[in-house]
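The chain contents come next:
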Amino acid sequence: MKNAYDILAERGFLKQCSHPEELRELMGREKVTFYIGYDPTADSLHIGHYVALMTMAHMQRAGHRPIVLLGAGTAEIGDPSGKTDMRRMMTSEELDHNAACFQRQMARLLDFGGENAAIVDNNATWLRSLNFLEFMRDIGVHFSVNRMLTADCYRQRMERGLTFFEMGYMLMQSYDFLVLHRKYNCCLQMGGDDQWSNILSGADLIRRKEQKPAYALTTTLLATSEGKKMGKTEKGALWLDPARTSVYDFYQYWRNVDDADVANCMKLLTFLPLEEISALTASGADINAAKKTLALTLTAQVHGEAEAEKAKLAAEALFGGGGSIEHMPTVRLTAEEAARCGLRVTDLLVLCSLCQSKSDARRTIEGGGVFMDDEKVTDVYAAADAAKLPEGIILRKGKKGYVRVIIDD
RNA sequence: GGAUGGGUUCCCGAGCGGCCAAAGGGAGCGGACUGUAAAUCCGUUGUCACAGACUACGAUGGUUCGAAUCCAUCCCCAUCCA
C-alpha cells in the first residue's frame, strides 16, 4: 500500500511538517494514531473543515487511526486566532447537539467502526477540571515566552496587541495533544497551517515531558490561485448542511470556480486519481467539463449521489437547456403570504431571498436585472400573474439567481 | 493608574456646524462582453408606503434655527509611561 505521507504530499495537502523524513518512515512502518481538533461552535461543518477531513480520510484509508477531537472545552472561551470571534458560552446541550451533527457529516468520509475506527473525544473532559496551579507548574514551565513571541502568529499580533489569554490558548491546545498521547498513544497532530505554532508546541511538549517522539503536520488552507480564502458565498460560509447551503448552491459554487483553481480543488477535495485530474485540467482540455466533474463529484461526496444528480439536472435545466426544472431551487408560499404582498415582484424577490430588502429589489429591477418567466421586469410595481402561480413561476435575478415560486392553497 | 491619538455606512478610509445617506478605494450586486470562468468597461450599494419620509457617524445627555462635526459624562481601542 502506498505511504499515506506520499499521498498527502502529491495531492498538495502538505504545508509544514516538524520531521518530514522521520514521520514518513514511521507511517510506512506502523499504524499511526493522529488527531485533528474541531471547535463545535456551529451545528454544521463548512468547507474549510472539509480539507482537514479529507486528510483524515486519506490517512484512515491508508491504515492509520484518526481521532476527532471536539474542542468543547476550548470553545467555551472561544478561539482567539480568528480576529472577531464572539466568546459566547455554549450550553452543554448545544455542544452535544453540534458534536452529533459533526459526526453525522463526518461519517460520509470517516469510518467510525471497524478496524481503524475513528475515535471521538472531547477536551472539555480534561480541561474543565484542570487546576490552575498544577497546570502552571506542570505545563506552564515548559513554555518560554521568548520563544512563543518569535512564532509568526504572535509576532504579527505584537503590533495589534496580544492578550495573555491568547497565549494561554497555545498551552491548552498543547495540553490536549499531551492528553491524547497518554490516552491513545497519539503521536501526530494535523491541522490547517494557521495552527502551526499551536500544533508544533504540542509536539514539543510531548517530546519534553514524555521523552517520546511526536509530530506536527499542517495542511494548506483552501485558497484561490490569488491566495484568497475559498468557500465564501454571499450568504457566508459554504456549509455542508443542506439546510444552511442548499445542495444546488453547493453544486453551483464548484461549477463556478475560477479556471485556475479547478485542479487544486480536485486534488484536495475529491478522491479522483491524479492522472485523471491532470487529464481533465490539461491546457487543451475542456475546462468547463472539468468543472462539471468537480461539482458533481464533490456534491456526491458530501450529499450523496442522488442529491448531486438532482442539483446537476436543475443546473442543466437553467443553463444548458435540457435537464429538468423539477429539482431547481423552489420556494413555496402559502396563499396567505401571497395575498399579503399582492404578488408584487419586489416582495416576491425578498421572500425568495433573492434580494435582501425591498429597496434592494427595487434597485435591481431598475438596473434591469430581474426576469419573470424569462421576461425582463421593467416596472418596479409589477406583480406576478396569479393564474400562473399554482404551477409556479420562475423568478430570476441576474444570470444565476433562479428560484421557482409556487403558491400552495 | 497617567499622557497622547482614535472609535464614521459590509471592510479600509476622508469629512470636523447647514450644500452629508456622508469623498475615495476594496468587496458585493446588476448590465455589456464571454464559457454559468477570468480580465475590462458601465451602473448600483441604509430602510420604507421611494420626486417624499424615516433611521444612521461608539453610548448617553447638552449647546444651536440646524450636529458625524461643538461641550459634558461614560464605554471601548492603540501607543508611550507606571
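A.B. asks: I keep staring at the overall build of chain A and nothing clicks. Help me out?
C.D. replies: Along its length, chain A carries 19 helices and 13 strands. Principal axes of the C-alpha set define a box for chain A whose edges measure 75 × 50 × 40 Å. Buried positions account for 49% of the 409 residues belonging to chain A. Partitioning the contacts of chain A with sequence separation of at least 6, the portion at a separation of at least 24 is 71%. Accessible surface for chain A amounts to roughly 20,100 Å². Of this, 50% is attributable to carbon and sulfur atoms. Each charge class in chain A can be summarised by its mean position, and for the 49 positive and 55 negative side chains these summaries are 3 Å apart.

A.B. asks: What is the right way to look at the sheet that holds strand β10 (residues 370-372) in this model?
C.D. replies: To summarise the sheet geometry, strands pair through backbone hydrogen bonds and adopt either a parallel or an antiparallel arrangement. Spatial ordering of the open sheet is given by β9-β13-β12-β10-β11, a layout of 5 strands whose pairing is mixed. Of all the strands in the sheet, the pair left with one neighbour each is β9 (330-334) and β11 (375-376). Across 3 bridges, the pairing between β10 and strand β12 (residues 393-397) is antiparallel. Looking at the pairing, F371 lines up with R396 of β12.

A.B. asks: Please explain the confidence of the model for chain A as it appears in this structure.
C.D. replies: In low-pLDDT regions, the fine details of the predicted coordinates are not to be read closely. Averaged over all residues, the pLDDT of chain A equals 86, while 90% of them reach at least 70. Predicted confidence for residues 80-87 stays below pLDDT 50, and this span has 9 contacts to residues more than four positions away or in other chains. Scored by ipTM, the complex comes to 0.86, with pTM at 0.87.

A.B. asks: Help me understand the nonpolar core, please; the structure alone is not making it clear to me.
C.D. replies: In a soluble, globular protein the nonpolar side chains are often hidden away together inside. The biggest cluster of nonpolar side chains holds 64 residues, and the ones touching the most others in it are Y38, Y50, L188, W254 and L269. Residue contributions to this core peak at 9 residues, all from helix α3 (residues 47-61). Other than its neighbours up to four places away in sequence, W254 contacts I47, L222, M230, L238, C265, L269, K291, L294, A295 and L298. Judged by nonpolar contacts, the second largest core, of 31 residues, contains I139, Y175, L178 and Y184.

A.B. asks: Honestly, the protein's contact with RNA strand B in this entry has me stumped. Any pointers?
C.D. replies: Around RNA strand B, 27 residues are found, and the nearest of them are Q252, N256, S357, S359 and R363. Across the atoms of RNA strand B situated within 4 Å of the protein, the share located in sugar and phosphate is 61%. K291 is positioned with one of its side-chain polar atoms (N or O) 3.0 Å from a base nitrogen of RNA strand B. At 2.7 Å from a phosphate oxygen of RNA strand B is found a side-chain nitrogen or oxygen belonging to S357. Broken down by element, the surface near RNA strand B gets its largest block of residues, 4 residues, from helix α19 (residues 358-366). Class assignment for the residues of the surface near RNA strand B results in 5 nonpolar, 9 polar and 13 charged.

A.B. asks: Before we go on, may I ask you to explain the sheet that holds strand β1 (residues 14-17) in this structure?
C.D. replies: Pairing in this open sheet of 6 strands is mixed, and the strands run β1-β6-β5-β2-β3-β4 from one edge to the other. Lying at the two open borders of the sheet, with one neighbouring strand each, are β1 and β4 (119-122). Averaged over all pairs of adjacent strands, the angle between strand axes in this sheet comes to 25 degrees, irrespective of strand direction. When strand β5 (residues 188-192) meets strand β6 (residues 215-219), the two strands line up parallel, connected through 5 bridges. The partner of M190 across the bridge, within β6, is L217. On top of the sheet, α3 reaches β2 (33-38), β3 (65-70), β5 and β6; it is set at about 165 degrees to β2, its chief contact. Helix α11 (residues 196-210) contacts β1, β5 and β6 of the sheet and is inclined by roughly 165 degrees relative to β6.

A.B. asks: Would you explain the environment of V350 in this entry?
C.D. replies: Tracing the backbone shows V350 in helix α18 (residues 345-351). Considering only alpha carbons, one finds V350 and Y248, 102 residues apart in sequence, at a separation of 19 Å.

A.B. asks: Is there a simple way to explain the pattern of salt bridges in this structure?
C.D. replies: Pairing between side chains becomes possible if they bear opposite charge and their charged atoms approach one another. Scanning the model with the defined rule gives 18 salt bridges in all. E30 serves as the salt-bridge partner of R29, at 3.7 Å between the closest nitrogen and oxygen. Since its relative accessible area comes to 42%, E30 is described here as partly exposed. We note a salt bridge from E307 to K310, for which the minimum N-O separation is 3.3 Å. Pair noted here: E307 and K310 are both in helix α16 (residues 305-320), with a separation of 3 residues, about one helical turn. Take E307: its relative accessible area is 32%, and that puts it in the partly exposed class. For K310, a relative accessible area of 33% puts it in the partly exposed group.

A.B. asks: Hey, could you run me through the packing of helix α13 (residues 262-269) against helix α15 (residues 287-303) in this one?
C.D. replies: To describe two helices that pack against each other, one gives the angle between their axes and the distance between the axes. Where α13 contacts α15, the axes come no closer than 10 Å and their chain directions differ by 25 degrees. Relative to α15, the element α13 is oriented roughly parallel. The chirality of how α13 crosses α15 is left-handed. Each of V262, C265, M266 and L269 in α13 lies in contact with α15, whose residues at this interface are I287, A290, K291, T293, L294, L298 and Q301.

A.B. asks: Would you explain unusual backbone geometry in this entry?
C.D. replies: Even without being glycine, N185 reaches a positive phi, approximately 60 degrees. Along the chain, N185 falls in the loop between α10 (164-184) and β5. Residue class for N185 comes out exposed when judged on its relative accessible area of 53%.

A.B. asks: Explain a nonpolar patch on the surface here, please?
C.D. replies: Taken together, the side chains of F132, L133, M136 and F164 present a nonpolar region at the surface, about 490 Å² in accessible area. Among the elements that take part in the nonpolar patch, helix α7 (residues 132-138) stands out by supplying 3 residues, more than any other.

What counts, and where the lines are drawn
- Residues numbered from 1 in each chain as written.
- Chains lettered and ligands numbered in written order.
- Predicted model: local features only at pLDDT ≥ 70, side-chain atom pairs only at ≥ 80, totals over all residues.
- Heavy atoms only, no water.
- Helix = DSSP H or I, 4+ residues; strand = E, 2+ residues; numbered from the N terminus.
- Buried < 20%, exposed > 50% of the residue type's maximum accessible area, 1.4 Å probe, protein only.
- Contact = heavy atoms within 4.5 Å.
- Areas by Shrake-Rupley, 256 points an atom, 1.4 Å probe, with all protein chains shown as cover.
- Lys, Arg positive; Asp, Glu negative; His and termini not counted.
- Charge placed at Lys NZ, Arg CZ, Asp CG, Glu CD.
- Pairing = 2+ DSSP bridges.
- pLDDT = per-residue confidence, 0-100.
- Core = buried A, V, L, I, M, F, W, Y, C linked by side-chain atoms within 4.5 Å.
- Near = heavy atom within 4 Å.
- Polar contact = N/O pair within 3.5 Å; in protein donor to acceptor, adjacent residues only side chain to side chain.
- Nonpolar A, V, L, I, M, F, W, Y, C, P; charged D, E, K, R; others polar.
- Axes fitted to C-alpha atoms, helices over the stretch in contact; angles between N-to-C directions.
- Salt bridge = Lys/Arg side-chain N within 4 Å of Asp/Glu carboxyl O.
- Parallel < 35°, antiparallel > 145°, perpendicular 65-115°, else oblique.
- Left-handed = near helix turned anticlockwise from the far one by under 90°.
- Patch = residues over 30% accessible without salt bridge, like charges linked within 9 Å, V, L, I, M, F, W, Y side chains within 5 Å.

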